[in-house]
Amino acid sequence: MSTATFDARRWRPPPLIKNARLRWALGIGAAIYFAIAIGSLQVNWLRVYEGLDRGWAFVLAFTEPDFVSRWVDIRDGMVESLIMTVTSTVIGIIISVPIGLGAARNIAPLPIYLLCRGIIALSRSFQEVIIAIFFVAIFGFGPLAGVLTLSFATIGFLSKLLAEDIEALDPAQAEAIRATGARWSQLMNYGIQPQVMPRLIGLSLYRLDINFRESAVVGLVGAGGIGATLNTSFDRYEFDTSAAILISIIVIVMIAEYSSGMIRARVQ
Amino acid sequence: MPVVERAGLKVWQRRERTKQLAIWFGWLAGTALFVYCWQVVSDATTWAFFWDAPRIAGDIGGRMVPPRWSYVSRIWQPLWDTINIATVGTAVALVLAVPVAFLAASNTTPSKTIVRPIALLVIVSSRSINSLIWALLLVSIIGPGVLAGTIAIALRSIGFVAKLLYEAIEEIDHNQVEAIAATGARKSQVIAYGIVPQILPAFAGISVFRWDINIRESTVLGLVGAGGIGLQLEGSLNTLAWPQVSIILIAILLAVLASEWVSAKVRHAII
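A quick note: this is a predicted structure, and the numbers were derived from the prediction, not measured. (Residues numbered from 1 in each chain as written. Chains lettered and ligands numbered in written order. Predicted model: local features only at pLDDT ≥ 70, side-chain atom pairs only at ≥ 80, totals over all residues. Heavy atoms only, no water.)

Draft legend 1. The arrangement of the overall build of chain A in detail. Looking only at helices and strands, chain A features 10 helices and zero strands. Secondary structure elements of chain A occur, N-terminal to C-terminal, as α-α-α-α-α-α-α-α-α-α. For a compact globule of 268 residues, the expected C-alpha radius of gyration is about 18 Å, and chain A comes in at 26 Å, more than 25% above that figure. Along the first, second and third principal axes, the C-alpha atoms of chain A reach 85 × 75 × 40 Å. Contacts spanning at least 24 positions in sequence make up 75% of the contacts within chain A whose residues lie at least 6 apart. The centroid of the 22 positive side-chain charges in chain A is displaced by 13 Å from the centroid of its 20 negative side-chain charges. (Helix = DSSP H or I, 4+ residues; strand = E, 2+ residues; numbered from the N terminus. Rg over C-alpha atoms; globule rule 2.2 N^0.38 Å. Contact = heavy atoms within 4.5 Å. Lys, Arg positive; Asp, Glu negative; His and termini not counted. Charge placed at Lys NZ, Arg CZ, Asp CG, Glu CD.)

Right under this line is the structure:
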């Protein structure tokens, strides 16, 4: 029996980027960029070192969060956040459905399409907080500015995804409805709406979730909700109260995510 | 089949009566909840300000034009900081998110009873809390500056990346893993040759997607003192320098559009 000897060639898995030159260029470019970027980070290490104690105090605060001493503030802030979430999501959905219809190229004429896409782009480009700053300046402090901010942000999110869904739907069903001589409103109701409804419900529930998380943030600039309480507790270094608020937010988000997952599993 | 007899004729209906009633009550409860919530919001609002809003908006709009173009030279540095916060933050998050994702995926986790719930808790905690709140916290711990912003972005992104990545790991093709394991590969080799090649495209897509989101989020971190162009925005807003505000908003808009374009291109190239 003869023994064959093989070259000790090592097999390698194919790389993600096939072109070797591009791969190396990207790698070296990234390395240089990170060197410059990290070099330009100006860090006051003394301040960081001093802060470590406070950081540790914050971590410890999570083991014994203090719900009691600021209970009224926490409760009121949370209730206000939840109320803002519900209101803004409902208003957002009501406004974003027509805009979503208008932003779908297959059912909207070009001028309306461009207008609706413009609104969506505007809403998506700026963070909620920037919008909130302007709305607080315009409508005054309080939950109304927050509700309007979150509604505006909801429009960008829901309309865009709804429009993409409508553009991807099965044209045969809409064609069949149109062939019966249906009016435009009937076409929407029987040809389009049944196809996108499950996804619209899913997206709305998802947005409800996001709006709750964001409602904690718009409070930082005076637009109502739990954010103001949270900000105060950080400023006063009352980390046990901050921990209590953060834990409440996490728990509510978990409950919302779990229940919306169950509802989505049923409708889809 | 839901059919009722009406005057001797069988009439088909879409739903049984009880189901129809349940749906109707659902709508009633939902509407009542909304009306109640709106009532609360309305009570907390000074409506005189609301009706005055168009005038105020026009006033602010009038002050914002023309933008102070000479201010552009002052925002290159903050803009560079903003991009660094987003990019370095994303890179740190990616490094930390990979092990979390492997610990959280039900097919790669070492222990389903202890490690997996902890990893999932890390993910949900990181996801639930907005990067602005992380930044607020970090500014009060390690002081204002770019470092706080970078860490805030990283902490917020870990959960996002790890969640999408562990879902990708759970959806891999098990035949390939089994084939590698059948050659007598070690656990680490199974991961390197059986799992990693399958999730690499998803990982690249998720990274670029999150980087795009982080560019948006890092533009506002300065509002709480965590560096970047938000600092300039805060300063200009506080001094009511509206022509500068419009320049900064234009810069943010361009940065966001550019990052969206890059991320769309890269994702298109991968998929």
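Draft legend 2. View of the overall build of chain B. If you tally the helices and strands in chain B, you get 10 helices and two strands. Along chain B, helices and strands appear, N-terminal first, in the series β-β-α-α-α-α-α-α-α-α-α-α. Against the globule reference of 18 Å for 271 residues, chain B gives a C-alpha radius of gyration of 26 Å, more extended than a compact globule. C-alpha atoms of chain B, sized along the principal axes, occupy 75 × 65 × 35 Å. With 271 residues in all, chain B has 46% of them scored as buried. Looking at chain B alone, contacts between residues at least 24 apart form 67% of all its contacts between residues at least 6 apart. If you sum the accessible surface of chain B, you get close to 14,000 Å²; carbon and sulfur atoms cover 67% of it. When the 21 basic and 15 acidic side-chain charges of chain B are each reduced to a single mean position, those positions are 3 Å apart. (Buried < 20%, exposed > 50% of the residue type's maximum accessible area, 1.4 Å probe, protein only. Areas by Shrake-Rupley, 256 points an atom, 1.4 Å probe, with all protein chains shown as cover.)

Draft legend 3. Region of the structure containing the interface of chain A and chain B. With 55 residues of chain A at the interface, the matching set in chain B holds 61 residues. In this assembly, chain A and chain B are joined by two salt bridges. The partner of B:R127 in a salt bridge is A:E257, with the nearest N and O atoms 2.4 Å apart. Taken together, the links from chain A to chain B amount to nine residue pairs in polar contact (both at pLDDT 80 or more). Among the residues forming the side of chain A that touches chain B, the class breakdown is 40 nonpolar, eight polar and seven charged. (Salt bridge = Lys/Arg side-chain N within 4 Å of Asp/Glu carboxyl O. Polar contact = N/O pair within 3.5 Å; in protein donor to acceptor, adjacent residues only side chain to side chain. Nonpolar A, V, L, I, M, F, W, Y, C, P; charged D, E, K, R; others polar.)

Draft legend 4. View of the environment of B:A258. Residue placement: B:A258 occurs in helix α10 (residues 242-270). The spacing of B:A258 and B:I215 is 43 residues in sequence and 9.8 Å in space, taken between C-alpha atoms.

Draft legend 5. Looking closely at the pairing of strand β2 (residues 9-12) of chain B. The pairing of strand β1 (residues 3-6) of chain B with β2(B) spans four bridges and is antiparallel. Within β2(B), the residue paired with B:V4 across the bridge is B:V11. (Pairing = 2+ DSSP bridges.)

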